[in-house]
Amino acid sequence: MTAIKPYPQTPQRRVPAEIGRPHYVGRPAPDRYRGSDVQTPDVIERMRVAGRLAAQAMQVAADAIAPGVTTDELDRVAHEFMCDNGAYPSTLGYRGYPKSICTSVNEVICHGIPDTRPLEDGDLVKIDVTAFVDGVHGDNCGTFFCGEVDQASRDLTTRTQEALNRAIKAVRPGRQVNVIGRVIEAYAKRFGYGVVRDYTGHGVHTAFHSGLVIPHYDEPSLTTVMQPGMTFTIEPMLTLGDYRSHLWDDGWTVVTNDGSRCAQFEQSLVVTADGAEVLTVP
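Quick notes on the rules
- Residues numbered from 1 in each chain as written.
- Predicted model: local features only at pLDDT ≥ 70, side-chain atom pairs only at ≥ 80, totals over all residues.
- Heavy atoms only, no water.
- Phe/Tyr/Trp six-rings, centres within 6.5 Å; stacked < 30°, edge-to-face > 60°.
- Helix = DSSP H or I, 4+ residues; strand = E, 2+ residues; numbered from the N terminus.
- Lys NZ or Arg CZ within 6 Å of the ring centre and 35° of its normal.
- Pairing = 2+ DSSP bridges.
- Axes fitted to C-alpha atoms, helices over the stretch in contact; angles between N-to-C directions.
- Expected span 1.5 Å × (residues − 1).
- Buried < 20%, exposed > 50% of the residue type's maximum accessible area, 1.4 Å probe, protein only.
- Contact = heavy atoms within 4.5 Å.
- Left-handed = near helix turned anticlockwise from the far one by under 90°.
- Parallel < 35°, antiparallel > 145°, perpendicular 65-115°, else oblique.

Chemist: Honestly, the packing of aromatic side chains in this entry has me stumped. Any pointers?
Modeler: Aromatic ring pairs: the centre-centre distance and the angle between the two ring planes describe each pair. Enumeration over the complete set of coordinates arrives at six aromatic pairs. For the pair Tyr97 and Trp252, a centre-to-centre distance of 5.1 Å together with 85° between the ring planes defines the contact as edge-to-face. On the criterion of sequence distance, the pair formed by Tyr97 in the loop between β1 (88-89) and β2 (102-105) and Trp252 in the loop between β11 (245-247) and β12 (254-256) is long-range, its members being 155 residues apart. Aromatic rings pair up to connect Tyr24, Tyr94 and Phe208 into one cluster. A cation over an aromatic ring shows up here: Arg244 above the ring of Tyr243, its NZ or CZ 5.9 Å from the ring centre.

Given below as structure tokens:
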């Protein structure tokens, strides 16, 4: 497979005026979140709605994956689905990001910008979708196959999904958030995978990124204690080779230094009295 290169982008898509926007749209950056990591039942209930729409939008975009289809077309499909359902695509205009989803192919770790590159048979495609509805965000990501994907990429994908599942099962009130990364890295190392350290999970609710850091690598210094009502994402990014990365000149696209492929899965969840509830459920 040839290395991923940037292709031309299409103009920014429009969102109907009647759909509510996050406060950061049209501004260089969002306001700093200064509220609690623990959310009210009302916020959590609204997040279930946003999470469901985000999960559905991700799936309709994934259903469109095929050789010859551009990542820009995936963006169009997800954008129209969200708008048709009264949701604003959270990434559109976030810190200047120009598209409605992130599409990260093969060695692109995350934050790939949809463009006019046609997908190729054998590509590994990450689709990251966040929907803003009724004042809250729901954020999720999945890894999907374009045509016939090699076995190493299939195994990486299956195991990254399993790493997320194990991390969710490790969520308990009273535990520190570092248990999440410890579980993920311990599992990934069984297979010799790289575990990306430069990007993490985060608090999500009325804020797209609240400042709460949720590691998917072993980092004992992250000692925030989980409490019922806390809402955040877990989003392991595992690579077939080295985890280290660099940023393209576009300021967004993150690529492995060694060109090795990466898989990612992400869910938004709330800490419950005895575990976690996933909020990004179709």
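Let us keep going from here.
Chemist: Hey, could you run me through the sheet that holds β11 in this one?
Modeler: Note on sheets: strands pair through backbone hydrogen bonds, and any given pair is parallel or antiparallel. Reading across the sheet, the three strands line up as β3-β12-β11 and stay open at both edges, with antiparallel pairing between neighbours. With one partner strand each, in any of the chains shown, β3 (108-110) and β11 form the two edges of the open sheet. Averaged over all neighbouring strand pairs, the angle between strand axes comes to 40°, with direction disregarded. Here β11 pairs with β12 via three bridges, running antiparallel. Paired with Leu247 across the strands is Val254, a residue of β12.

Chemist: I tried to follow the environment of Gln59 on my own but got confused; where do I start?
Modeler: Looking at the element boundaries, Gln59 is found in helix α1 (residues 41-63). Each C-alpha atom of the pair Gln59 and Ala163 lies 20 Å from the other, and the pair is 104 residues apart in sequence.

Chemist: How should helix α4 (residues 178-189) be read in this particular structure?
Modeler: Here α4 spans 17 Å end to end across 12 residues, near enough to the 16 Å set by a 1.5 Å rise per residue. Of the positions making up α4, those classed as buried are Asn178, Val179, Ile180, Gly181, Ile184, Glu185, Tyr187 and Ala188. Of the surrounding secondary structure, the elements contacted by the buried residues of α4 are α3 (151-169), β6 (194-195), β8 (213-214), β9 (231-234) and β10 (237-239).

Chemist: Please explain the sheet that holds β10 as it appears in this structure.
Modeler: Overall, antiparallel pairing links the three strands, which are arranged β6-β10-β13 in an open sheet. Every interior strand has two partners, whereas the edge strands, β6 and β13 (262-264), have only one. Two elements, β6 and β10, share two bridges in a ladder whose sense is antiparallel. Residue pairing in the sheet places Gly194 in a bridge with Thr239 of β10.

Chemist: Would you take a moment to explain unusual backbone geometry for this structure?
Modeler: Trans is the common state for peptide bonds, and a negative phi is the common state for residues other than glycine. At His111, a residue that is not glycine, the phi angle is positive and equals roughly 65°. Tracing the chain through its elements places His111 in the loop between β3 and β4 (124-133). Relative accessible area serves as the criterion here: at 26%, His111 is assigned to the partly exposed category. Of note in this structure, Asp134 is not a glycine but carries a positive phi near 55°.

Chemist: Where do I start with the packing of α1 against helix α2 (residues 71-84) in this structure?
Modeler: Each pair of packed helices can be summarised by the angle the axes make with each other and by the distance between the axes. Put simply, α1 and α2 touch, their axes get as near as 8 Å, and they point 145° apart. Seen along the crossing, α1 lies across α2 with a hand that is right-handed. Taken together, the residues of α2 that come into contact with α1 (itself represented by Leu53, Gln56, Ala57, Val60 and Ala61) are Leu74, Val77, Ala78, Phe81 and Met82.

Chemist: What's the story with the packing of α3 against α4 in this structure? I'm lost.
Modeler: At their nearest, the axes of α3 and α4 sit 9 Å apart, and the two run at 150° to each other. Classified by the interaxial angle, the pair formed by α3 and α4 is roughly antiparallel. In the packing of α3 onto α4, the handedness of the crossing is right-handed. Here α3 contributes Arg159, Glu162, Ala163, Arg166 and Ala167 to the contact with α4, which in turn contributes Ile180, Val183, Ile184 and Tyr187.

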